[in-house]
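Listed here are the chains, written in short residue letters.
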Amino acid sequence: MQILIILIEILVLFAIVMLHVAYATYFERKIIGHMQVRMGPMRVGWHGLLQPIADGIKSFFKEDIIPEQADRVTFLGAPIICLVAMMTSLAVLPFARGWVIADINIGLLLVFAMSSLASYGVVLAGWASNSKFTFLGGLRSMAQVISYEIAMGMSLVGVMMLSGTLNLSKIVEAQGDSFWGMYLFPQIIGFFVFFIAMLAETNRVPFDLPEAETELVSGYCTEYSGMRYAMFFMAEYIGMMVMASIGTICFLGGWNGPFTVSIFPPFWFVAKVYIFMFLFIWIRATMPRYRYDQLMELGWKVLIPLALANIVLTGIVKAFTG
Amino acid sequence: MRVQYDLKKSLFETVFLTELARGMMLTLKRLFSKPITRQYPDEKPPVALGFRGQHALVRDPRTGGSKCVACMRCATVCPSRCIHIRFHEEDGRRVVDSYDIEALRCVYCGYCEEVCPVNALVLTEVFDYCEYDRESLFFTKEDLLANWDRFLEDSGHREETYVNPFWRPRGLPESMLPAGKRLKVPDSWTEDGQVVGTRYRRS
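What you are looking at is a predicted structure, and each value in this text was computed from that prediction instead of being measured. (Residues numbered from 1 in each chain as written. Chains lettered and ligands numbered in written order. Predicted model: local features only at pLDDT ≥ 70, side-chain atom pairs only at ≥ 80, totals over all residues. Heavy atoms only, no water.)

**Focus on the pairing of strand β2 (residues 83-90) of chain B**
Residues and elements named next belong to chain B.
Piece 1. In this sheet, strand β3 (residues 93-102) lies alongside β2 in antiparallel orientation, the contact comprising eight bridges. Across the sheet, residue F87 finds its bridge partner in β3, namely V96.
Piece 2. If you look at the hairpin formed by β2 and β3, you'll find two residues sitting between the two strands, and D91 has a positive phi there, around 50°. (Pairing = 2+ DSSP bridges. Helix = DSSP H or I, 4+ residues; strand = E, 2+ residues; numbered from the N terminus.)

Okay, structure coming up:
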């Protein structure tokens, strides 16, 4: 019985997340379009509302091309690794009080582990395609994820120190439901580092070097087509959503808001995640891409020292205030 | 010119990334501005005066056929040699046997309609025509007359009042034009109304 309930919960979450992924692409195209003084998708349905569904059907029925020189097994497996790793993180996210599939005590750690595993998918895809562009994309992704994982992990150490737990629900509860209780204010440096590292972790502009169109065609997924290509995209958007959720939980007070919406408890959580998603898209519409050495310099010379300083500062403040 | 790559910034600007914020504000402002895109198949673009589009032979309202007198001027002036005319003479008048235009070779220069003494040929404002094979874009006399009918129907022009600006060559005084070319064209098309290019100087 317990298992059945969990399975149904997983199915519902899966369906909702997939719908969100589909419409995240729509909103991205729409918002970027309007920011560039054009309209974005307009033709499928009213104002292009059915565009993501048309895209889904198209990519599902497209031919799945496997390059002759590719390493078949790895090539086929890579997008699955990517997608599964990203989706596993969804299990530990608390959407509202008690609205969580697996309320485990190492939630934050699991999310980190899974987002690192997802980069294996990217690296393997790059290597297995046996092409220069994908290989460079994969290498870049690996270097980038390793560099920024450190900064990101350390930026959240402050949050762990303040809340004293790795359980995501408890982190939200530790912040209380007041506006000033959000860790955004005591952990402003941590949030700054986390935000930039979050962009880099999800391979978004201005850190989208693994799929830099201008130099690497499409980076690690150049050789992929049809559904497998779509899987990388889904993984990327789920990754965005997971990172936005972590940001919401650790810095913006999770499901707590100015007032409670009793008919839909996760209202504030979803609203905050949407704000993060909008920020992602807004930044993509504005920023140019970093050069590779600038990316590394920012990661190692700015973000990691800042995160370390934040840990020390938080420690000192905590030691004095108790 | 020396380009200063690293602009001097104050501490405030460095710490709070004001330049990034300014860029972000710009895109946010654009988000709420009206798109300048035209939804093409639904909204047709305005066709400028003097647009040279699909070829057509003007249908003479008196005879119901073409106005062409087979003077061969269009075929002679055509730089891409895409006009082919065959004719024979009957009682000292030329009768057109066939009048073909290879639209795929045409460069749309409009010389043919300028040179035609009876305004029989016109490059209409139709720009959105395409076919799957080359044969369909080889216009015979019947095709060209049909193009004219379709153009009149779609554009709403009337054949008595329609004047293509190219029917009156620019820069020639009235007395040097053949009778059929002494037409009233829009003011913006006249020599004095032109603002671009080298101005024609009357000597």
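Additional details are given in the paragraphs that follow.
**Focus: the sheet that holds β2(B)**
Piece 1. With antiparallel pairing, the three strands of this open sheet are ordered in space as β2-β3-β5 (chain B). If you trace the sheet from one side to the other, it starts and ends with β2 and β5 (138-139) of chain B, each paired once.

**With respect to the interface of chain A and chain B**
Piece 1. The interface is formed by 15 residues belonging to chain A together with 17 residues belonging to chain B.
Piece 2. In total, about 1,400 Å² of surface goes out of reach between chain A and chain B, with carbon and sulfur atoms giving 72% of it.
Piece 3. The largest share of the area that chain A buries against chain B comes from A:V37, A:M39 and A:W282, three residues that together contribute 37% of it.
Piece 4. Note that A:R43 is salt-bridged to B:D42, the shortest N-O span being 3.3 Å.
Piece 5. On inspection of chain A and its partner chain B, the count reaches five residue pairs in polar contact (both at pLDDT 80 or more).
Piece 6. Those elements giving two or more residues to the side of chain A that touches chain B turn out to be α1 (2-35) and α10 (267-286) of chain A.
Piece 7. The dominant element in the side of chain A that touches chain B, judged by the number of residues it contributes, is α10(A), at five residues.
Piece 8. Across the side of chain A that touches chain B, the residue classes tally to 11 nonpolar, two polar and two charged. (Contact = heavy atoms within 4.5 Å. Buried area = accessible area lost by both parts, 1.4 Å probe. Salt bridge = Lys/Arg side-chain N within 4 Å of Asp/Glu carboxyl O. Polar contact = N/O pair within 3.5 Å; in protein donor to acceptor, adjacent residues only side chain to side chain. Nonpolar A, V, L, I, M, F, W, Y, C, P; charged D, E, K, R; others polar.)

**Structural notes on the side chain of A:T248**
Residue and element names in this part refer to chain A.
Piece 1. Looking at where T248 falls in the secondary structure, it is placed in helix α9 (residues 226-251).
Piece 2. Assessed through its relative accessible area of 0%, T248 is described here as buried.
Piece 3. In contact with T248, not counting residues within four places along its chain, are G253, G254, F269, K272, V273 and F276. (Buried < 20%, exposed > 50% of the residue type's maximum accessible area, 1.4 Å probe, protein only.)

None of the figures reported here should be taken as evidence of function without further support.
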